[in-house]
There are 2 protein chains.
Amino acid sequence: MSHLTPAEKEAVLASIDHTFLRPEGGPAEIDRLCAEAAEHRFGAVCVQPLWVARAAARLRGTGVRVVAVVGFPHGANTAEVKAAEARRAVADGADELDMVIAFGALRAGLDALVEEEIRAVVAAGVPVKCILETAALDEAAMDRACDLAERGGARYVKTSTGFGPGGATVEAVRRLRARVGHRLGVKASGGIRTLADLLALREAGADRFGTSHGVAIARELEAAAR
Amino acid sequence: MSHLTPAEKEAVLASIDHTFLRPEGGPAEIDRLCAEAAEHRFGAVCVQPLWVARAAARLRGTGVRVVAVVGFPHGANTAEVKAAEARRAVADGADELDMVIAFGALRAGLDALVEEEIRAVVAAGVPVKCILETAALDEAAMDRACDLAERGGARYVKTSTGFGPGGATVEAVRRLRARVGHRLGVKASGGIRTLADLLALREAGADRFGTSHGVAIARELEAAAR
C-alpha cells in the first residue's frame, strides 16, 4: 500500500464506521467494538438502537462518534416511528443516523412517502445517511433515491444494510457518486472485508466505509506502513 | 390428508397467518396477499408496519385479521420505540402484534429489559405474540423467553422471523409448548412450505402458523378434500 501516505492512512481509518449490527449480539460485543474503535482511531462505531447509550458512554472522550441505525434493516416501518427512533437515538447519544429508506415503497414509485420519511429523520437534528439497499434497486431507482436523499436533507447515501440481497459494489458506488456529485457523501457498506475491497470502493467514489472487518483492515494498513 | 375432517381443514386455514414481509414489496404485493387471504379464508395476514393501514382497508368486512410485526426482524431497538410502533400499528388497524424480542439482550441475560419491552408492547391493547428467533437461542434461553412472554402479558410465543439463522423446527415447537403449557399459544413460522410441514409442527404443539406459502397449502387441502 505504498501509494497511501501516512496522512492518507489516517484518513482511511477515520473514514471507517466500525460496525456491529448482528441482532444476536449483546453488551460484550458492543464493549469490544468500542474498545477496538478507540484503539485503531476509527471515525465511528455503528450499532443497533438498543446499544447506543452504552456505546456513547464507552466512547466519551475518545473522539470516536456513535452512529445509530434507524428502521434497520428492512426500512418498512412508518415515518412517524422512524422519527421516534431517531429522536430516541439522539437522546441516547447518537452523533449520526443511518436510516434505511422504505425501499419497497421506492420501488413502487411512492417517492413522496420516502422523501417525507427522510425529512422526518433529518428533523432529529444530526447528520443522516440514507441506506438505499442498492442490490434491491435498479439504476433508475438508485438515481431517484439519491435525489430524494438530497431533497430530504440527508448528508450521505449509503449502499447496503449488510442483511439484504448484496453488499457494496464498485458499480453501485460509481452510480451513487455520479448522481450526488460532491453535494452528498457516499458510504459503502456490506461485504467490505479487506483493505483492497475498501480501496476499490474508495477509487469508485466512496468516502465513508461501514465494515465489521475494521480491525483486520487496520492491521493491513499498519503492516503496509512498516 | 384423509385424517383431517372438513372442520379440521377449516381450522387449519383459520390458523394460517398469510404472510408477506419481504422488504422489497409494495402495495401490489399487499393487495394480492389480502385478496388471497379473503379467498382462502385464512385467519389473518401478517405484514410490515408500513402496510398495515392498507391491509386493514382491503380486509374490512372480510373477517380476516391484520397482524403487524414490531421491531422486525432484529428486535434490537428500545422498548419505547417498539411501544410507539405498536401504538401506531393499532391506530392503523392492526388486530394483533408479532413483536421480535431483543433476543441479543436475552442471550446476554438482560431478562428484565425483555420483560419490560414485552409489557410496553402489550400496553398497546391488542393480543401480542413474542417472536423469539429460536434458532439463535439455546434451550435454556427459549425457556426463559417463554416465561418472560407469559409474565409480560403476551398471548403467544412464536418461533422465527423467517430472516434469521433458521425457521420453525419440530424440536423448538415442542420445547415452547412444553414450557408454556396451555397458558399461551405457540405460533410456528419460518420455512413452512407444505401442508406436511404445517401438520408436523401442529403435531408438535403449534396452533398458529405463519407462512408465505398459504395458497399452495390451501390448494393441498382442497385437493385432499376431493
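Procedures and definitions
- The residue numbers shown here count from 1 along each chain, following its written sequence.
- All chains are assigned letters beginning with A, and all ligands numbers beginning with 1, in the order in which they are written.
- Selection of residues for local features in this predicted model requires a pLDDT of at least 70, selection of side-chain atom pairs for listing and counting requires 80 or more, and totals for whole chains, interfaces and linings are taken over all residues.
- Note that the side-chain values use all heavy atoms of the structure and ignore hydrogens as well as water.
- Whether two strands pair depends on DSSP finding at least two bridges between them.
- A run of H or I in DSSP counts as a helix once it spans at least four residues, and a run of E counts as a strand once it spans at least two, with each numbered from the N terminus.
- Lines are fitted to the C-alpha atoms to define the axes, a helix being fitted only along its stretch in contact, and any angle between axes, read from their N-to-C directions, falls within 0 to 180 degrees.
- The contact criterion used throughout is that any non-hydrogen atoms of two residues lie within 4.5 Å.
- Throughout this description, buried means an accessible area under 20% of the type-specific maximum (1.4 Å probe, protein chains only), exposed means over 50%, and partly exposed covers the range between.
- A pair of Phe, Tyr and Trp rings is counted when the ring centres sit within 6.5 Å of each other, with Trp represented by its six-membered ring. The angle between the planes then sorts it: under 30 degrees is stacked, over 60 is edge-to-face, the rest tilted.
- Working rule: Lys NZ or Arg CZ, within 6 Å of ring centre, within 35 degrees of ring normal, means a charge sits over the ring.
- Between N or O atoms, a polar contact is any pair within 3.5 Å; within protein, one atom must be a potential hydrogen donor and the other a potential acceptor, and residues adjacent in sequence are included only when both atoms are from side chains.
- Put simply, buried Ala, Val, Leu, Ile, Met, Phe, Trp, Tyr and Cys residues joined by side-chain atoms within 4.5 Å make one nonpolar core.
- An angle counts as roughly parallel when it lies under 35 degrees, as roughly antiparallel when it exceeds 145, as roughly perpendicular when it falls between 65 and 115, and as oblique in every other case.
- For a crossing to be left-handed, the near helix must be turned anticlockwise from the far one by less than a right angle; the clockwise case is right-handed.
- Gly is placed with the polar residues, together with every amino acid not listed as nonpolar (Ala, Val, Leu, Ile, Met, Phe, Trp, Tyr, Cys and Pro) or charged (Asp, Glu, Lys and Arg).
- Using only the protein atoms, space was sampled on a 1 Å grid; points where a 1.4 Å probe fits but cannot get out form cavities, open sets with protein on both sides within 12 Å along at least five of seven lines form pockets, and lining residues are those with an atom within 4 Å of a point.
- Grid points are joined across faces, edges and corners, and a volume is the space filled by probe spheres set on the points.
- An expected span of 1.5 Å times one less than the residue number is assigned to each helix.

Okay, the sheet that holds strand E5 (residues 128–131) of chain A next. Residue and element names in this part refer to chain A. Taken in spatial order, the eight strands line up as E1-E2-E3-E4-E5-E6-E7-E8 and close into a barrel, and their pairing is parallel. This sheet shows a mean twist of 25° between the axes of neighbouring strands, independent of strand direction. With three bridges connecting them, E5 and strand E6 (residues 156–158) associate as parallel partners. Opposite Lys129, over in E6, you have Tyr156 as the bridge partner.

By definition, the strands of a sheet pair up through backbone hydrogen bonds, in either a parallel or an antiparallel sense. Residues and elements named next belong to chain B. As summarised here, the arrangement of the eight strands in space is E1-E2-E3-E4-E5-E6-E7-E8, forming a closed barrel in which the pairing is parallel. Direction aside, neighbouring strands of the sheet carry axes that sit 25° apart on average. As paired elements, strand E7 (residues 185–189) and strand E8 (residues 208–211) share three bridges and run parallel to each other. Across the sheet, residue Ser189 finds its bridge partner in E8, namely Gly210. Contacts from helix H6 (residues 111–122) reach strand E3 (65–70), strand E4 (96–100) and strand E5 (128–131), with the element oriented near 160° to E4.

Right, let's talk about the environment of Glu222 of chain A for a bit. Residues and elements named next belong to chain A. Assignment of secondary structure puts Glu222 in helix H10 (residues 214–225). A residue is classified by how much of its surface remains accessible, and Glu222, at 38% relative accessible area, is partly exposed. Sequence separation between Glu222 and Pro6 is 216 residues, and the spatial gap between their C-alpha atoms is 9.9 Å.

A few words on the packing of aromatic side chains. Residues and elements named next belong to chain A. Counting across every chain of the model gives two aromatic pairs over all chains. Considering the side-chain rings of Phe72 and Phe163, the 5.7 Å spacing of their centres and the 90° angle between planes classify their relative orientation as edge-to-face. Residue Phe72 is found in the loop between strand E3 (65–70) and helix H4 (79–92), and its partner Phe163 is found in the loop between E6 and helix H8 (170–180); the two are separated by 91 residues along the sequence. Above the plane of the ring of Tyr156 lies Arg208, whose end atom (NZ or CZ) is 5.6 Å from the centre.

With that settled, the discussion passes to the side chain of Arg177 of chain A. All names here are of chain A. In this structure, Arg177 sits in helix H8. A polar contact is formed between the side chain of Arg177 and the backbone oxygen of Gly181, at a distance of 2.8 Å. In this structure, Arg177 is in contact with His182, Leu184, Gly185, Val186, Ala204, Gly205 and Asp207, ignoring residues within four places of it in sequence.

So, about the nonpolar core. When a protein is soluble and globular, its nonpolar side chains tend to lie buried together. By size, the foremost hydrophobic cluster in this structure holds 154 residues, and its most contacted members are Leu97 of chain A together with Leu97 of chain B. Setting aside chain neighbours within four positions, we find Leu97 of chain A in contact with Ala68, Val70, Ala86, Ala89, Val90, Val121, Ala124, Val126, Pro127, Val128 and Lys129 of chain A.

With that settled, the discussion passes to the packing of helix H4 (residues 79–91) of chain B against H6 of chain B. All names here are of chain B. Here H4 crosses H6 at 20°, and the two axes come no closer than 8 Å. Comparing the axis directions of H4 and H6 gives the class roughly parallel. In this structure, H4 crosses over H6, and the sense of that crossing is right-handed. Taken together, the residues of H6 that come into contact with H4 (itself represented by Ala79, Lys82, Ala83 and Ala86) are Glu117, Ala120 and Val121. Residues of the contact of H4 with H6, tallied by class, amount to five nonpolar, no polar and two charged.

Okay, the layout of surface pockets next. One number sums up the size of the largest pocket: a volume of about 400 Å³. Lining the largest pocket are 23 residues, with Thr161, Gly162, Gly190, Gly191 and Ser212 of chain B sitting closest to its centre. Residue assignment for the lining of the largest pocket shows that the elements contributing at least two residues are strand E1 (16–20), E7 and E8 of chain B. A per-class count over the lining of the largest pocket returns five nonpolar, 14 polar and four charged. Empty space within the second largest pocket amounts to approximately 340 Å³. Thr19, Thr161, Gly162, Gly190 and Ser212 of chain A are, among the 20 residues lining the second largest pocket, the residues nearest its centre. Counting residues per element, the ones that place at least two in the lining of the second largest pocket are strand E1 (16–20), strand E7 (185–189) and strand E8 (208–211) of chain A. Among the residues making up the lining of the second largest pocket, the classes are represented as five nonpolar, eleven polar and four charged.

Next up on the list: helix H7 (residues 139–152) of chain B. All names here are of chain B. For H7, with 14 residues, the first-to-last C-alpha span of 20 Å sits near the 20 Å given by 1.5 Å per residue. Looking only at H7, the buried set comprises Ala141, Met142, Asp143, Ala145, Cys146, Leu148, Ala149 and Gly152. In this structure, the buried side of H7 is in contact with helix H5 (103–107), H6, E5, strand E6 (156–158) and helix H8 (170–180). In the segment just after H7, Gly153 is the residue with positive phi, at about 100°.

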